[in-house]
Number of protein chains: 2
Amino acid sequence: VDVIVWFTDPVVRRRAQAARPSSAGDVFRLIREGTATTRTDVARVTGLSRTAVTLRVNQLLAQGLVVEQAEGSSTGGRPPARLAFHTAGGIVLAASVGASRAQLAVCDLAGEILAETALDVDIADGPETVLAAVVKHLEHLVSESGHGDTVRGIGVCVPGNIDVETGRSVSFPVMPGWDDVAIPPYFTRRFDVPVHVDNDVNVMALAEHRARHQDGVNDLLLVKVSTGIGAGIVSGGHLQRGALGAAGEIGHIPVAAGGGAVCRCGNVDCLEALAAGWALVRRLSESGHTVDGVRGVVDLVRAGEPEALRLVRAAGRHLGEVIAGAVNLINPAVIVLGGDLARAYDPLVAGVREVVYQRSTALATRDLQIVPSALGERAGVVGCAVMVLEDVLSPRSVDAALARGT
Amino acid sequence: VDVIVWFTDPVVRRRAQAARPSSAGDVFRLIREGTATTRTDVARVTGLSRTAVTLRVNQLLAQGLVVEQAEGSSTGGRPPARLAFHTAGGIVLAASVGASRAQLAVCDLAGEILAETALDVDIADGPETVLAAVVKHLEHLVSESGHGDTVRGIGVCVPGNIDVETGRSVSFPVMPGWDDVAIPPYFTRRFDVPVHVDNDVNVMALAEHRARHQDGVNDLLLVKVSTGIGAGIVSGGHLQRGALGAAGEIGHIPVAAGGGAVCRCGNVDCLEALAAGWALVRRLSESGHTVDGVRGVVDLVRAGEPEALRLVRAAGRHLGEVIAGAVNLINPAVIVLGGDLARAYDPLVAGVREVVYQRSTALATRDLQIVPSALGERAGVVGCAVMVLEDVLSPRSVDAALARGT
């Protein structure tokens, strides 16, 4: 018999691997998801023996990942102990590093922010300076929070392409000094825990998806419009990074009526050259305005400055052209407009809507929502927490931690 | 304790459901993938008792999904029986329905074609006429193949948007009579088996991914250039249909130097208006050529007709502009150019390459492959077989069939 096995994609492989006796990590997942809330539930769902269930639950209690609570029972007799995910059983740290600011947070195991801070940075100072400051401020935040001994992982995002397997930067356009840098060691020197690093737009997309997945949203495009422009993609319920982690680079897609505008990448008529914060700052400065970065553009719009308003509306239309193509290609249910320039939301979204509804197919726009960020400025840190929690609370990581005896 | 469960996406849910005692379907998966080749393997991997393993394996043998072969043993004693996926344990039928031709195939359970045929159709005749002819020819093909009693499922693709849950057509642009039609009943009237229906480009993408996934390709864009233009997307190892099954509609993305060309959708400067077969046929006809459809355009190119060559090269550049945007957005590892116009491969791909390498980011094009279809004309039927096999051989379907006693 000639057997051709073509079910070798990662998800199917994981499902195949799951066809083994349930581990402590699997039991944790059932408890965390609420599928099992008693030892009897665990035995029924997994088919494990009473003894095996007790062994695994005890391991999870010892790890602090599960808590046990006696419950009232109306039938008399001893009530079964209720098992629950112990969201206070540790913390994760989140660091969202931008071009000029880093936002830091301490989160519980449910991803809720317990403490947060921000610091000014200049990414041009290079990773040594910037990341040392970030780690120093994280240490302060952790010691103030009083949870220093239960850090379970760190999530970091930066404005560049990252090889997520290694946490090494692959390509940092217009940001020399950050090319091919291993980011995790800056954190593991001080915290001996797993460190996950990704692009800022990817973690923002994770965070926005988490905020909306209960509405059944599995396909979402997060567009960050700030100094630069980039996108994060969730398709089929999963963050899509592409073959080399280079997905979402929409800032350099050409637009039709670009008029030969030169981009900072050297090409012409890129979306960024017409709609990115840096381009708007330049144009407004050239016509005599004093503009303090992207937030300065937003301030001018809010003050009703006609040229700023005109430029942001036009930026929305150029953005709409590129988003319309993305809508036709990947048919998201939700487009989230985030980033600092999206604070001038009304004039920006007006242009986006105008072009998207004109240029995307009828079916793809039928139920399409175009919305502001649900998390605003916190999208980065929440996304970092979501990213690291996805790993450290996975059955595999829980089992590995138990095997190490930690 | 406030538990926030945000791991509710479909894949994680399936993984959670897998944390139960292994079913016959799970055992089949292990055997099919080669993870387990003896009853002892099955017991070790699943943790099932010897009795439970025997029960499940006997069910699979009775179903014809697994075969047992005595194996030679050098240690003397009775050798363990080897268990293998019985790829000859049934057939699936595949019907790839195009605008003017339908290709039909009988495939084994590994997706290998056992018999095939094609018929001329005119999709404008409507579903009643076209699908009746398809079913009649499928019946002939099955009876000739001598496997009529073991049909396990049917895969169908059509050139329009399909709600894959119901097999109902959602939107058939420029194809009146096919809107909101339930396609499976045309097949189940004659064959009482599961029928899966999808868009032609989606099944082509499945087929091309299957042909390449052993090289580690998880991100692939299939671009079909024929009478119309559409794309199928595999991201992260999975076919991505988008929120409403409308993903891949790249034919109506505007191109920059379109010159106001009017598209059949009524909009201007759509990719199709400059690069689709219908547009090239029209232009060549207008300048006095006799052109018999898209294949006629390819014939003119092969005969060295200068205008046809010029038009196909220009079509490649327009196509390259849209593909460059898709490369920046989703970062595929492989672009497959399929469809009838891609038979004029060299002039078409020249234009595509020129623009993609000029307009996509350096990282996204670093390892990018742009290749012709690995399956050529058979991509549609192979994709239909892959689609239906993914379902009927899944653990859930195998268990459901056993529960029904079939």
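Student: Help me understand the sheet that holds strand 6 (residues 151-158) of chain A, please; the structure alone is not making it clear to me.
Tutor: Picture the strands of a sheet paired through backbone hydrogen bonds; they go either parallel or antiparallel. Residue and element names in this part refer to chain A. Pairing is mixed in the open sheet, where five strands are placed in the order 5-4-3-6-9. Looking at the sheet topology across the chains shown, the edges are occupied by strand 5 (113-120) and strand 9 (195-199). Strand-to-strand twist across the sheet, computed as the mean angle between neighbouring axes with direction ignored, equals 15 degrees. When strand 3 (residues 91-97) meets strand 4 (residues 101-107), the two strands line up antiparallel, connected through six bridges. When the sheet's bridge partners are listed, Val-97 is paired in strand 4 with Ala-102.

Student: Sorry if this is basic, but what is going on with the nonpolar core here?
Tutor: Inside soluble globular proteins, nonpolar side chains tend to come together where they are buried. Within the largest apolar cluster, 112 residues are counted, with the highest numbers of intra-cluster contacts made by Val-223 and Leu-337 of chain A together with Val-223 and Leu-337 of chain B. Among residues more than four places away in sequence, those in contact with Leu-337 of chain A are Val-223, Ile-323, Ala-342, Tyr-345, Val-349, Val-352, Ile-370, Val-371, Pro-372 and Ser-373 of chain A. Of all hydrophobic cores here, the second largest spans 52 residues; its members include Val-42, Phe-85, Ala-94 and Val-203 of chain A.

Student: Explain the packing of aromatic side chains here, please?
Tutor: For any two aromatic rings, the description comes down to two numbers: the centre-to-centre distance and the angle of the planes. In this structure the tally under the stated criterion is two aromatic pairs over all chains. Ring geometry for Phe-28 of chain A against Phe-85 of chain A: centres 5.5 Å apart, planes inclined by 75 degrees, an arrangement best described as edge-to-face. You can see Phe-28 of chain A sitting in helix 2 (residues 24-32) and its partner Phe-85 of chain A sitting in strand 2 (residues 81-85), a full 57 residues away along the chain. On the basis of relative accessibility, which here comes to 0%, the residue Phe-28 of chain A falls in the buried class. Between the NZ or CZ atom of Arg-189 of chain B and the centre of the ring of Tyr-186 of chain B, over which it lies, the distance is 4.8 Å.

Student: Even after reading the chapter, I still don't get the sheet that holds strand 6 (residues 151-158) of chain B, so can you show me in this structure?
Tutor: Residues and elements named next belong to chain B. Pairing within the open sheet is mixed, and its five strands lie in the order 5-4-3-6-9. With one partner strand each, in any of the chains shown, strand 5 (113-120) and strand 9 (195-199) form the two edges of the open sheet. Put simply, the sheet's adjacent strands are angled 15 degrees from each other on average, direction ignored. The pairing of strand 4 (residues 101-107) with strand 5 spans seven bridges and is classified as antiparallel. What sits directly across from Ala-102, in strand 5, is Leu-119. Sitting on the sheet, helix 5 (residues 127-145) touches strand 3 (91-97), strand 4, strand 5 and strand 6, and the angle it makes with strand 4 is about 30 degrees. Packing of helix 7 (residues 200-212) onto the sheet brings it into contact with strand 6 and strand 9, and relative to strand 9 it is tilted by some 100 degrees.

Student: How do you make sense of the pattern of salt bridges when you look at a structure like this?
Tutor: Between side chains of opposite charge, a pair can form when the charged atoms approach closely. Taken as a whole, this structure holds 33 salt bridges over all chains when the rule is applied. Two residues, Arg-39 of chain A and Glu-68 of chain A, come together in a salt bridge whose shortest N-O distance is 2.5 Å. With a gap of 29 residues between them, Arg-39 of chain A in helix 3 (residues 39-46) and Glu-68 of chain A in strand 1 (residues 66-70) connect regions that are remote in the sequence. A residue is classified by how much of its surface remains accessible, and Arg-39 of chain A, at 15% relative accessible area, is buried. The closest approach of N and O atoms between Glu-116 of chain B and Arg-378 of chain B, which form a salt bridge, is 2.2 Å.

What counts, and at which threshold
- Residues numbered from 1 in each chain as written.
- Chains lettered and ligands numbered in written order.
- Predicted model: local features only at pLDDT ≥ 70, side-chain atom pairs only at ≥ 80, totals over all residues.
- Heavy atoms only, no water.
- Pairing = 2+ DSSP bridges.
- Helix = DSSP H or I, 4+ residues; strand = E, 2+ residues; numbered from the N terminus.
- Axes fitted to C-alpha atoms, helices over the stretch in contact; angles between N-to-C directions.
- Core = buried A, V, L, I, M, F, W, Y, C linked by side-chain atoms within 4.5 Å.
- Buried < 20%, exposed > 50% of the residue type's maximum accessible area, 1.4 Å probe, protein only.
- Contact = heavy atoms within 4.5 Å.
- Phe/Tyr/Trp six-rings, centres within 6.5 Å; stacked < 30°, edge-to-face > 60°.
- Lys NZ or Arg CZ within 6 Å of the ring centre and 35° of its normal.
- Salt bridge = Lys/Arg side-chain N within 4 Å of Asp/Glu carboxyl O.

So yeah, pure geometry; function would need other evidence.
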